[in-house]
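Chain and residue survey
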Amino acid sequence: MRSADFVEARRRLEAKPQSTGDKLTTLTEAVRKVRDGDHIAIGGCLFSRSPLAALMEVLRQGRRGLTLSRNLMCYEGELFMASKAVDGLMTSWFDIALPWGLSLKLREEVEGGRIRFEEWSHLGLGLRYRAGAMGVPFLPTLTMLGSDLMGVTDTKTMQCPFTGETLCLVPALFPEVALLHVHRADRFGNCQIDGYPHMDTDIAKAAATVIVTAEEIVDEEEIRRQPDRTVIPGLVVDAVVEMPYGSFPHECYGLYEADFAHFEAYTDAVKARGTGAVNDYLERYVHGVSGHEQYLALFGEEALARQRRCAEELLGPR
Amino acid sequence: MRSADFVEARRRLEAKPQSTGDKLTTLTEAVRKVRDGDHIAIGGCLFSRSPLAALMEVLRQGRRGLTLSRNLMCYEGELFMASKAVDGLMTSWFDIALPWGLSLKLREEVEGGRIRFEEWSHLGLGLRYRAGAMGVPFLPTLTMLGSDLMGVTDTKTMQCPFTGETLCLVPALFPEVALLHVHRADRFGNCQIDGYPHMDTDIAKAAATVIVTAEEIVDEEEIRRQPDRTVIPGLVVDAVVEMPYGSFPHECYGLYEADFAHFEAYTDAVKARGTGAVNDYLERYVHGVSGHEQYLALFGEEALARQRRCAEELLGPR
Amino acid sequence: MSYSDTELLAVVAARQLAGVTSVFAGVGVPLVAAVLAQKTRAPQLVIVVEGGSMGPRMVPGRLPYSTNEMRTAPRAQMLPGITDTFLFAQRGFLDVGFVGGAQIDPYGNLNSSVIGGYERPKVRLPGSGGANDIISLCRRVMVVTMHERRRFVPKVDFVTSPGFLSGGDSRRDAGLVFGTVSRIVTHLGTLAFDPESRRLQLESLHPGVTVQQVRDNTGFELPAPEHVPVTEPPSAEELETLRSIDPERNFLG
Amino acid sequence: MSYSDTELLAVVAARQLAGVTSVFAGVGVPLVAAVLAQKTRAPQLVIVVEGGSMGPRMVPGRLPYSTNEMRTAPRAQMLPGITDTFLFAQRGFLDVGFVGGAQIDPYGNLNSSVIGGYERPKVRLPGSGGANDIISLCRRVMVVTMHERRRFVPKVDFVTSPGFLSGGDSRRDAGLVFGTVSRIVTHLGTLAFDPESRRLQLESLHPGVTVQQVRDNTGFELPAPEHVPVTEPPSAEELETLRSIDPERNFLG
């Protein structure tokens with residue numbers, strides 16, 4: 001869909017059967033809603049609350065021609081490139097983090113001209129999701145003005161009709177699919193998130209189809225006991241799946257810290273053997289397992305317990 | 001200040017000494033920050049979480065030439081008109097609520113041409129605060145289009161440069177003062193609200209000066225224990241005051257229900273004796289008391305306890 | 001079982017919500033109708049109130065007086081801010097909206113601002129509240145109102161909430177690309193819009209009401225089909241349920 | 001007490017925060033400097049991290065690797081969403097921003113996107129992240145960076161984050177009405193901008209560094225005043241505090 005086309009985006013929502021009923025399903029079923037060629041917006045940020053279980057299922061189901069957008073993209077982007085599942089990436093930053101150096105896989109693909117890489121500023125992309133969430137074609141901002149990012153993105157400048165100042169207009173983004181991981185949800189899709197909200201609520205409202213994995217599915221009465229903790233209403237959600245450790249080895253605020261040793265081993269392998277190591281990782285962690293339970297078994301109970309302890313040390317007991 | 005002038009609005013913030021230190025003060029001192037002629041944006045909505053204690057102190061201090069904005073304005077607006085403290089009202093709706101009929105005081109003033117009354121749609125005014133909070137001159141929307149509200153407000157229409165559709169642009173509102181009442185705050189002004197957020201966070205960020213009353217001032221460690229409950233950061237706040245029952249007889253979510261019998265008595269008096277009854281109310285509840293403690297004594301311990309019980313019956317214990 | 005005009009209006013409005021996923025309702029008869037619908041034909045219905053409540057379970061006997069108070073919140077699923085609540089409508093998530101107004105014209109335009117001129121009105125009314133936003137942004141909007149001649153006027157003094165404006169494509173031309181006003185539900189019958197001219201015409205009559213009676217209570221010409229369908233009268237179950245929702249008759253009059 | 005280049009850089013950057021109310025800092029040396037400032041000259045300093053953390057108390061030895069993780073949150077005062085965090089900067093609440101980049105030019109423009117062309121670059125770098133937003137929106141921005149000739153180039157390959165663009169009023173003319181780049185802090189000295197031309201010039205030297213040494217490490221002409229002030233060397237207290245913040249030297253190298 002053309003970006004900024006808020007009319008078409010709303011027509012899509014209206015054409016979809018809307019449900020306020022039970023949306024609890026399996027990961028396999030939920031991820032079947034993703035189609036070849038879709039634009040998938042990924043919740044969380046970098047290695048925090050990434051919907052890794054769902055993303056790996058997308059790879060397992062062999063989708064092709066996808067576009068991924070995410071404000072800070074971590075190595076899940078490498079897995080999608082190595083799987084030849086993506087044509088385009090839209091982000092403000094791609095890497096694991098400072099200590100792990102540049103992404104060799106990203107360099108290989110972009111420098112080789114094998115992928116569309118669209119760079120926005122962090123806020124610029126955030127405002128694209130927000131405009132989508134608001135159902136408007138654009139939002140005005142001062143960010144990105146004057147930079148070369150203006151020339152490589154679908155932004156426009158305008159003279160403000162009230163003040164005469166120059167403004168950057170960022171077009172709304174309406175992803176086909178939002179993949180999100182949250183702390184808890186009920187079977188109707190009402191979601192609560194602890195700690196960092198990141199951009200999940202905007203992404204959910206902007207997307208045509210919303211797939212949520214949750215650390216825990218709770219009784220609806222538990223959600224209704226603290227409605228002021230709900231950040232995404234069931235009305236917006238299409239499928240919800242219980243998926244404990246659904247972000248692992250990325251972090252889930254308050255529950256488990258990211259497994260930095262795992263990042264280290266992964267990047268060491270890439271440094272030692274080149275980007276073929278990304279394919280080895282895919283073989284082991286995505287295609288070598290039948291699903292999330294086997295995947296977690298590769299890390300082992302002890303690693304999960306250790307990362308829980310790290311979170312508790314840092315933020316106190318939940 | 002000219003609406004939509006985001007540059008001037010930001011310069012004002014920058015010119016103000018910003019503090020991350022202790023802002024705890026008395027109601028009298030806090031309200032001294034309000035100047036004659038200021039535009040005051042009022043937090044809460046209708047009879048929910050209204051900063052009544054602070055508003056009454058504004059009247060006690062004898063301010064003049066004010067403009068008040070609030071999305072749904074309750075009888076506090078009548079008190080300001082009867083005090084001749086306001087020149088203008090900006091709102092989407094003015095009344096107590098269905099059972100209590102039209103506001104006679106509002107009718108008298110508007111029909112007599114004695115006050116500027118500017119009507120926006122509910123969302124239209126909400127987006128004005130939000131544009132202010134975002135530091136942009138306007139936000140685009142479809143609301144208000146086609147209606148006669150367009151002709152009596154400072155909106156503009158534009159053709160969307162991305163889609164060609166017609167959009168309504170609502171100009172940012174940058175009030176001189178925000179008056180807010182919240183559930184808890186620390187002495188640095190970090191605020192947490194339970195239940196309905198209303199528009200308080202947007203109003204706080206849009207205003208040049210932010211005055212907060214809180215049901216309870218808590219230790220900063222209590223705020224830091226649940227940072228994901230904080231909705232207004234201390235950076236934004238200029239003064240914070242402990243003010244239990246600071247909304248009474250309006251409600252404070254989860255703590256005390258609005259005193260409907262009091263509304264009834266007030267409107268009965270106006271119906272029986274005309275708008276002079278508003279002045280009588282002012283004499284008794286605003287000028288007849290030295291401050292909030294004496295004010296609450298007029299209602300009595302029993303009424304406060306009763307309204308607490310009503311809230312607990314409705315929403316369960318806190 | 002006999003019933004009052006308000007009860008009839010609430011029952012007929014509630015029936016409109018069969019199969020509906022969400023309704024954006026103001027307090028009074030619209031909210032009572034929404035709660036009735038939840039307890040009868042629309043158990044799946046999510047009630048949304050502009051004060052910022054999604055999916056609350058209203059407590060019978062403690063219905064809210066306003067759209068922004070604790071009584072609107074019990075066991076809600078979410079309490080979004082007010083602006084965000086309307087933005088759910090703008091994005092297209094909200095299915096049906098219920099609105100009203102002091103005046104309504106043949107194109108469904110509503111006035112809740114002023115009788116007379118805007119600057120020095122004869123009567124200053126409370127104002128739009130969320131009505132303008134609901135009618136501009138929800139997928140389908142129904143006007144729920146008592147049917148009185150002073151209310152159904154040839155031209156509203158002020159268009160607070162746009163229906164079809166001057167008819168034809170004028171609503172779309174003003175930029176209102178979403179939503180539509182689908183029906184006017186009154187205590188005498190229902191009115192709908194001609195698909196071309198977008199002028200109101202009689203759609204159905206409530207039991208015992210005549211076309212003439214409707215016309216007598218309408219301040220503009222109201223075309224009617226030759227055979228006007230008649231509404232099923234409120235059932236005993238509907239009325240009992242309705243009365244249990246508002247036992248003190250704060251809103252049922 | 002001897003110290004490394006990174007330690008010197010962190011200490012000098014920290015000193016810039018005396019009297020500052022809030023600093024928008026990325027991970028690595030900028031964040032270490034901000035924590036050092038809090039523990040020395042700026043106890044009032046609120047650290048803001050783009051992942052959505054305001055006022056956290058970093059845990060020594062468990063500094064974050066990214067701007068978006070639990071380690072960035074301990075005992076924060078607020079955890080706003082990412083977009084809202086940047087909007088605090090756009091509205092004008094955030095005082096100082098710390099940024100860096102792979103390339104910097106005489107006008108303070110930064111590149112963290114590509115070496116070579118944008119479409120088929122020689123090196124694809126990670127990208128802007130929040131740097132573009134911070135430099136566009138905070139009140140005052142300082143670039144904190146190691147001083148290397150390959151970094152200080154006559155023209156950046158891509159303007160990821162705008163400094164003074166082509167100098168003079170060009171930043172303002174592009175619509176960037178707020179904020180300014182006030183200074184470049186490196187491990188050799190500090191650079192500031194000529195108030196008219198907005199070109200970089202040497203402002204101060206760190207102990208033992210010569211003007212020639214700075215020029216040797218700068219890929220463009222760098223004017224210097226006749227007498228260049230010399231930085232006070234890091235004190236034992238500064239160094240001890242700094243080392244206690246990052247005892248494993250994850251970021252101090």
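As shown above, the structure is provided for reference.
Residues numbered from 1 in each chain as written. Chains lettered and ligands numbered in written order. Predicted model: local features only at pLDDT ≥ 70, side-chain atom pairs only at ≥ 80, totals over all residues. Heavy atoms only, no water.

Quick notes on the overall build of chain C
- For chain C, the count of helices and strands is seven helices and 12 strands.
- Overall, chain C is about 45 × 45 × 35 Å in size when its C-alpha atoms are taken along their principal axes.
- Burial statistics for chain C: of 253 residues in total, 67% are counted as buried.
- As displayed, chain C offers around 8,100 Å² of accessible surface, 48% of which is attributable to carbon and sulfur atoms.
- For chain C, the distance from the average site of its 25 positive side-chain charges to the average site of its 25 negative ones is 4 Å. (Helix = DSSP H or I, 4+ residues; strand = E, 2+ residues; numbered from the N terminus. Buried < 20%, exposed > 50% of the residue type's maximum accessible area, 1.4 Å probe, protein only. Areas by Shrake-Rupley, 256 points an atom, 1.4 Å probe, with all protein chains shown as cover. Lys, Arg positive; Asp, Glu negative; His and termini not counted. Charge placed at Lys NZ, Arg CZ, Asp CG, Glu CD.)

Some thoughts on the overall build of chain A
- The secondary structure content of chain A amounts to 12 helices and 14 strands.
- Relative to its length of 318 residues, chain A is compact, with a C-alpha radius of gyration of 19 Å against a globular reference of 20 Å.
- Once the C-alpha set of chain A is aligned to its principal axes, its extents read approximately 60 × 50 × 40 Å.
- Out of the 318 residues in chain A, the part that is buried amounts to 70%.
- Once local pairs closer than 6 in sequence are excluded, the contacts in chain A between residues at least 24 apart make up 75%.
- Here chain A has roughly 9,700 Å² of accessible surface; of this, 45% comes from carbon and sulfur atoms.
- Both charge centroids of chain A, one from 35 positive and one from 46 negative side chains, sit 4 Å from each other. (Rg over C-alpha atoms; globule rule 2.2 N^0.38 Å. Contact = heavy atoms within 4.5 Å.)

Notes on the state of the cysteines
Residues and elements named next belong to chain A.
- Across all of its chains, the model carries zero disulfides over all chains by this definition.
- The thiol of Cys45 is unpaired, and the distance to the nearest cysteine sulfur, on Cys74, comes to 9.8 Å.
- When its relative accessible area of 0% is taken as the criterion, Cys45 is described as buried. (Disulfide = S-S within 2.5 Å.)

Some thoughts on the sheet that holds strand β9 (residues 166–171) of chain B
All names here are of chain B.
- What the three strands build is an open sheet, ordered β7-β9-β8; its pairing is antiparallel. Each edge of the sheet is formed by a strand with only one pairing partner; in this case those strands are β7 (138–141) and β8 (156–159). Between one strand and the next, the sheet's axes are offset by a mean angle of 35 degrees, whatever the strand orientation.
- When β8 meets β9, the two strands line up antiparallel, connected through four bridges. Each residue of the ladder has a partner; that of Met158, found in β9, is Leu167.
- On the sheet, helix α6 (residues 122–134) packs against β7 and β9 and is oriented at approximately 140 degrees with respect to β7. (Pairing = 2+ DSSP bridges. Axes fitted to C-alpha atoms, helices over the stretch in contact; angles between N-to-C directions.)

Regarding helix α3 (residues 52–60) of chain A
Residues and elements named next belong to chain A.
- Taken across its nine residues, α3 has eight buried, putting it largely inside the fold.
- Taken together, the buried positions of α3 are Leu52, Ala53, Ala54, Leu55, Met56, Glu57, Val58 and Leu59.
- After α3 finishes, the residue Gly62 shows a positive phi value of roughly 75 degrees.

Focus: helix α3 (residues 82–91) of chain C
- The buried count for α3(C) comes to nine of 10 residues, which makes it a mostly enclosed element.
- Just downstream of α3(C), C:Gly92 is the residue with a positive phi angle, here 110 degrees.

Points about the interface of chain B and chain C
- Counting from both sides, the interface comprises 60 residues of chain B and, opposite them, 58 residues of chain C.
- Roughly 4,600 Å² is buried in total at the junction of chain B and chain C, and carbon and sulfur atoms are behind 61% of that figure.
- Sorting the residues of chain B by area buried against chain C places B:Leu142, B:Tyr196 and B:Leu314 first, and these three jointly supply 15% of that buried surface.
- Between C:Arg71 and B:Glu257 there is a salt bridge, with the nearest N and O atoms lying 2.6 Å from each other.
- On the surface where chain B and chain C come into contact, there are 31 residue pairs in polar contact (both at pLDDT 80 or more).
- Mapped onto the side of chain B that touches chain C, the elements with two or more residues apiece are β5 (93–94), α5 (104–111), β6 (116–119), α6 and α12 (301–315) of chain B.
- Here the residues of the side of chain B that touches chain C sort into 33 nonpolar, 16 polar and 11 charged. (Buried area = accessible area lost by both parts, 1.4 Å probe. Salt bridge = Lys/Arg side-chain N within 4 Å of Asp/Glu carboxyl O. Polar contact = N/O pair within 3.5 Å; in protein donor to acceptor, adjacent residues only side chain to side chain. Nonpolar A, V, L, I, M, F, W, Y, C, P; charged D, E, K, R; others polar.)

Let's talk about a negative patch on the surface
All names here are of chain A.
- A cluster of like negative charges, contributed by Glu216, Asp219, Glu222 and Glu242, occupies part of the molecular surface.
- Residue placement: Glu216 occurs in strand β12 (residues 209–217).
- Judged by relative accessible area, Glu216 falls into the partly exposed class, the value being 40%. (Patch = residues over 30% accessible without salt bridge, like charges linked within 9 Å, V, L, I, M, F, W, Y side chains within 5 Å.)

Side note on the pattern of salt bridges
- This model, assessed by the stated rule, comprises 76 salt bridges over all chains.
- The salt bridge partner of B:Arg60 is B:Glu57, with a shortest N-O separation of 2.9 Å. With B:Arg60 and B:Glu57 both in helix α3 (residues 52–60) and three residues apart, the pair spans about one turn of that helix.
- C:Glu238 serves as the salt-bridge partner of C:Arg15, at 2.8 Å between the closest nitrogen and oxygen. A residue pair is termed long-range when its members are at least 10 positions apart, and C:Arg15 in helix α1 (residues 5–15) and C:Glu238 in helix α7 (residues 236–245) qualify at 223 residues. C:Glu238 shares its class with C:Arg15; the two are buried.

Remarks on the side chain of D:Asp95
- By the secondary structure assignment, D:Asp95 is in the loop between α3 (82–91) and β4 (96–99).
- With sequence-adjacent residues up to four places away left out, D:Asp95 is seen in contact with B:Gln18, D:Val20, D:Thr21, D:Ser22, D:Cys138, D:Arg139 and D:Arg140.

A look at the packing of α6(B) against α3(D)
- Running from N to C, α6(B) and α3(D) cross one another at 80 degrees; their axes reach a closest spacing of 7 Å. Classified by the angle between their axes, α6(B) and α3(D) sit roughly perpendicular to one another. In contact with B:Gly132, B:Ala133 and B:Met134 of α6(B), α3(D) contributes D:Leu87, D:Gln90 and D:Arg91.
- Here the contact of α6(B) with α3(D) is composed, by residue class, of three nonpolar, two polar and one charged. (Parallel < 35°, antiparallel > 145°, perpendicular 65-115°, else oblique.)

A short note on the environment of D:Leu176
- Inspection of the secondary structure puts D:Leu176 in the loop between α5 (170–173) and β10 (181–185).
- A C-alpha to C-alpha distance of 11 Å links D:Leu176 and D:Arg139, two positions 37 residues apart in sequence.
- When neighbours within four sequence positions are excluded, D:Leu176 is seen to be in contact with A:Leu142, A:Leu145, D:Ser136, D:Pro162 and D:Arg171.

Quick notes on the environment of B:Cys45
- If you trace the backbone, B:Cys45 turns up in the loop between β1 (39–42) and α3.
- Residues in contact with B:Cys45, not counting those within four places in the same chain, are B:Arg70, B:Leu72, B:His122, B:His198, C:Asn68 and C:Ile82.

A closer look at the packing of aromatic side chains
- Throughout the structure, instances matching the rule amount to 56 aromatic pairs over all chains.
- Taken together, a centroid distance of 5.0 Å and an interplanar angle of 90 degrees make the contact between B:Phe248 and B:Phe299 edge-to-face. Of the two residues, B:Phe248 sits in the loop between β14 (239–242) and α9 (260–273) while B:Phe299 sits in helix α11 (residues 292–299), which places them 51 residues apart along the sequence.
- Judged by relative accessible area, B:Phe248 falls into the buried class, the value being 0%.
- In this structure, C:Arg199 packs its charged tip against the face of C:Tyr107, placed 5.7 Å from the ring centre. (Phe/Tyr/Trp six-rings, centres within 6.5 Å; stacked < 30°, edge-to-face > 60°. Lys NZ or Arg CZ within 6 Å of the ring centre and 35° of its normal.)

Observations concerning the interface of chain A and chain C
- Counting from both sides, the interface comprises 33 residues of chain A and, opposite them, 27 residues of chain C.
- Carbon and sulfur atoms make up 54% of the area that chain A and chain C hide from each other, which totals about 2,700 Å².
- When the buried area of chain A at its contact with chain C is split by residue, A:Arg10, A:Gln18 and A:Arg224 rank highest and sum to 28% of it.
- If you look at where chain A meets chain C, you find three salt bridges.
- Among the ionic pairs, C:Arg57 bridges to A:Glu220, the shortest N-O distance being 3.5 Å.
- Going through the elements one at a time, α1 (6–15), α6 (122–134), α7 (200–206), α8 (220–225) and β13 (230–232) of chain A are the ones with two or more residues in the side of chain A that touches chain C.
- Ranked by residue count, the leading element in the side of chain A that touches chain C is α1(A), at seven residues.
- Looking at the side of chain A that touches chain C residue by residue, the class counts come to 17 nonpolar, seven polar and nine charged.

Let's talk about the environment of D:Gly92
- Residue placement: D:Gly92 occurs in the loop between α3 and β4.
- Residues D:Gly92 and D:Ser170, 78 residues apart in the sequence, show an inter-C-alpha distance of 21 Å.
- With residues near it in sequence (within four places) discarded, D:Gly92 still touches B:Arg10, B:Leu13 and D:Arg139.

Remember that the coordinates give geometry; whether it matters functionally is a separate question.
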